[in-house]
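Observations on chain architecture
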Amino acid sequence: MTTKFQLNNQNYHSIESNQYFMSVSQFKGAMECEARMVAELKGKYIRPHSSALTVGSYTHAAFESDEAFAEFCEENRSVIFKANGGKYAEFSTADCMIETLKNDRFAMFAMEGEKELIYTGELFGAGWKIKVDSINHQRKTFTDLKTTQCLSKRFWSDKYQKYVSFVEAYDYVLQMAIYREIIYQNTGEFYSPYIVAVTKETPPNKAVLHFDESRFEFEKEYVKSLLPSIIEVKNNQKEPVRCDVCDYCRMTKQLTKTFEIGYLLD
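The present account deals with the structure reproduced in this document. Since we're looking at a predicted model, the values are computed, not measured.

1. Points about the pattern of salt bridges
All told, the structure shown has 15 salt bridges when counted by the stated rule. Residue R36 pairs with E32 through a salt bridge whose shortest N-O separation is 2.5 Å. By relative accessible area, which is 7% here, R36 ends up buried. As a salt-bridge pair, R47 and E40 come within 2.5 Å of each other at their nearest N and O atoms. Each of E32, R36 and D247 takes part in one network of salt bridges that share partners.

Below, the structure written as structure tokens:
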């Protein structure tokens, strides 16, 4: 896909690139709250710091390169390190997770390939951007590293109308479906996606997960059916829907009426 906006590692997460491209995280954000998504695109709202997100980025950087990991630690020194030089508990836990994977030959094999490659493409009338953790062109595979609390934890999903794993609950199947399509547009081949999962338990658990390809059609149809409305909101063609439960909605809430007390339990 040829675009006027040239993506790189420096501008990939910028407001400008998010305005120009759709991404899996942006789509998921819109599904959670359209109003918050629009506020973020306009630069009017920045989500508060998330320790879990920083720990995830820390873990990812450790497998990108020694240079990337050192740079990340330096940029986030105040978050990672205590005044006495030791690491905060969650980053010590992350070190155990990193060591667990580095000591596993099969996990490291699954993550072999070029790191943090950016691709763009077009799906369902919108330009998309993706950044792939690891991609192996020789084996025609790509891999995403995920951290989670527990491999076997079950989550109720309104989307699937059943209890599901963390992979489905956090829309990682959807992510792999979109990535697979965009990679196909750039290579002419359908690559096989994998997730390398590691838990925050002591000691950490781990798994390399693959996908039955039949899962991807549902995810693509799901995105196709919902994307037009999101694009209209993004293009200021209709008012975004407020979820009225997220931090942004609570921060900007304006009361106009009273509520019967039963509302409190809805």
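Next comes the rest of the account.
2. As for the packing of helix α10 (residues 172-187) against helix α11 (residues 214-234)
For the pair α10 and α11, interaxial distance at closest approach is 9 Å and the crossing angle is 90 degrees. Here α10 lies roughly perpendicular to α11, going by the angle between them. Of the residues in α11, those in contact with V173, L174, M176, A177, I178, R180 and E181 of α10 are R215, F216, E219, K220, Y222 and V223. A per-class count over the contact of α10 with α11 returns eight nonpolar, no polar and five charged.

3. Quick look at the environment of E40
By secondary structure assignment, the location of E40 is in helix α3 (residues 34-41). On the basis of relative accessibility, which here comes to 22%, the residue E40 falls in the partly exposed class. Every residue in contact with E40, bar those within four places of it in the chain, is listed here: I15, Y45 and R47. Within the local environment of E40, its side chain forms a polar contact with the side chain of R47, the two groups lying 2.5 Å apart.

4. Observations concerning the sheet that holds strand β3 (residues 141-148)
Spatial ordering of the open sheet is given by β1-β2-β3-β6-β7, a layout of five strands whose pairing is mixed. The open sheet has two edge strands, β1 (114-123) and β7 (206-209), and neither has a second partner. With direction set aside, neighbouring strand axes in the sheet form an average angle of 35 degrees. Here eight bridges tie β3 to strand β6 (residues 192-199), and the two strands are oriented parallel to one another.

Parameters and conventions
Residues numbered from 1 in each chain as written. Predicted model: local features only at pLDDT ≥ 70, side-chain atom pairs only at ≥ 80, totals over all residues. Heavy atoms only, no water. Salt bridge = Lys/Arg side-chain N within 4 Å of Asp/Glu carboxyl O. Buried < 20%, exposed > 50% of the residue type's maximum accessible area, 1.4 Å probe, protein only. Axes fitted to C-alpha atoms, helices over the stretch in contact; angles between N-to-C directions. Helix = DSSP H or I, 4+ residues; strand = E, 2+ residues; numbered from the N terminus. Parallel < 35°, antiparallel > 145°, perpendicular 65-115°, else oblique. Contact = heavy atoms within 4.5 Å. Nonpolar A, V, L, I, M, F, W, Y, C, P; charged D, E, K, R; others polar. Polar contact = N/O pair within 3.5 Å; in protein donor to acceptor, adjacent residues only side chain to side chain. Pairing = 2+ DSSP bridges.

Everything listed is a geometric property; what it means functionally is a separate question.
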